[in-house]
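Structural characterization, general
The chain contents come next:
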Amino acid sequence: MQKRHGELSSLSLPAAAEGLSEQRGTRPVGTGRARAKAIVLGEHAVVYGAPALALPMPQLTVTATAGYSAQSPADPDDFSLTMTGDRARPKATQASDGLHRLTAEFRAVLGVPDTLHLDVIIDCAIPVGRGLGSSAACARAVVHALADLFEREVSPQLAFDLVQTAENVAHGRASGVDAMAVGATAPLLFQAGRAEELPIGCEGLFIVADSGVAGRTKDAVELLRRGFEDRPGSRAAFVRRATELTETARLALAEGRPEQLGAQLTDYHGLLRDGGLSTERIDTMVEAALAGGGLGAKITGGGMGGCVIALARAEQAAEVTRRLLAAGAVQTWSVPLGEQAGHGR
């Protein structure tokens, strides 16, 4: 359980709070939802303006519930946060700092009185530190819970900006791909702050496998940065190669060439591995997915732990999944191409 300020409090609002909602024309409780995402290709290079392909994962969701009470003069804190599920782990500290910043921005932009003490509960099923967008999904769910609570309209751009506020606190300079993808209902092409849905002409499934080891995004970013500084021209070469692989994958996905799409995944894994961002277990899982008939596989997310994403034909998916589990994966999720439906609000 993680708290941001003060003692954790319940969302069973007292009569005074219910009266407060009637006076201010707000609901007593608001809810918001979001989902996980996986990066298919483009991680790290996307920060430098290269394109990235992102995949929403509707199996893994976040629900945020927000309520409020009158703030006591003796209690200057204005935000209490309770996290349940995977987000209840200690790593949630920076994320909760980001959510506090997000809430302050929400109040300022949408004119919510700062005399209201907010109580937010987040129930998150997305594993922490796996590159699946848990912090961005939590932030998006909170944005929509607050919008529901205070009956405010939040545009897609404002939702993105508010989530980015939290992401920049949690991760430093965030590319924005997570903030966009956790609200998506279909695979996205993301580049330089803009996103568009990807046309899909391929059959098959993406299988995401959790290595059981939390990634270290900030360490990975720093390792890559130092490597670029030590080797002049290496950053431009990395971004150029990443862009080539991602663009080829985009076309293969649209034009129904799954073998070529898979090959780009595997080549991108080699690019990240050469940068020191993979691990022995991740490499073993990638090799296992390929040995099981997978069309391609790579690490997904920041690196130095986290998950593997593999592409497989439907008839090979069970064997690829079995091989991944035998190689050390602690859990897997399958996402059929073109079948992501529903929207997280």
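Note: the structure precedes this text.
The structure presented is a predicted model; accordingly, all values stated were derived computationally and were not measured. (Residues numbered from 1 in each chain as written. Predicted model: local features only at pLDDT ≥ 70, side-chain atom pairs only at ≥ 80, totals over all residues. Heavy atoms only, no water.)

1. So, the pairing of strand E9 (residues 307-312)
This is how it is decided: Buried residues are those whose accessible area, probed at 1.4 Å on protein chains only, stays under 20% of the maximum for their type, while exposed residues exceed 50% and partly exposed ones sit between those limits. Labels follow the DSSP assignment, with helices taken as runs of H or I lasting at least four residues and strands as runs of E lasting at least two, numbered in each case from the N terminus. Two strands pair if DSSP finds at least two bridges between them.
Among the 6 residues in E9, 6 count as buried, and that is most of the element. Side chains Cys307, Ile309 and Leu311 of E9 all project onto a buried face; the interleaved residues Val308, Ala310 and Ala312 project onto the opposite face, where all are buried too. Bridge count for strand E7 (residues 205-210) against E9 is 6 bridges, and the pairing is antiparallel. Counterpart to Ile207 in the pairing with E9 is Ala310. Relative to E9, strand E8 (residues 296-300) is paired through 5 bridges, and the arrangement is antiparallel. When the sheet's bridge partners are listed, Ile299 is paired in E9 with Val308. From the end of E8 to the start of E9, which pair antiparallel, there are 6 residues, and Gly301 there has a positive phi angle of about 100 degrees.

2. Things to note about helix H6 (residues 217-230)
For the α-helix, the turn length of 3.6 residues means that residues three or four positions removed from each other point alike. Formally: Between the first and last residue of a helix there are one fewer steps than residues, each counted as 1.5 Å, and that sum is the expected span. Working rule for contacts: check all heavy atoms of both residues, and any pair within 4.5 Å makes them a contact.
Between the first and last C-alpha of H6 there are 20 Å, a value that for 14 residues agrees with the 20 Å anticipated at 1.5 Å per step. Buried positions along H6 lie against helix H7 (234-255).

3. Some details on the sheet that holds E8
Two pairing modes exist for strands in a sheet, parallel and antiparallel, and in both the strands are linked by backbone hydrogen bonds. Our working definition: Note on definitions: angles span 0 to 180 degrees between N-to-C directions of axes, and those axes are lines fitted to C-alpha atoms, for helices only across the stretch in contact.
Strand order in the open sheet made by the 4 strands is E8-E9-E7-E10, with antiparallel pairing throughout. Each edge of the open sheet is held by one strand with a lone partner, namely E8 and strand E10 (331-336). Going across the sheet, the axis of each strand differs from the next one's by a mean of 20 degrees, ignoring polarity. As paired strands, E7 and E10 are joined by 6 bridges and run antiparallel to one another. Looking at the pairing, Val208 lines up with Trp333 of E10. Here helix H8 (residues 258-274) sits on the sheet and contacts E7, E8 and E9; the angle it forms with E8, its principal contact strand, is near 40 degrees. Its contacts with the sheet place helix H10 (residues 317-326) against E7, E9 and E10, and it is angled at close to 15 degrees to E7.

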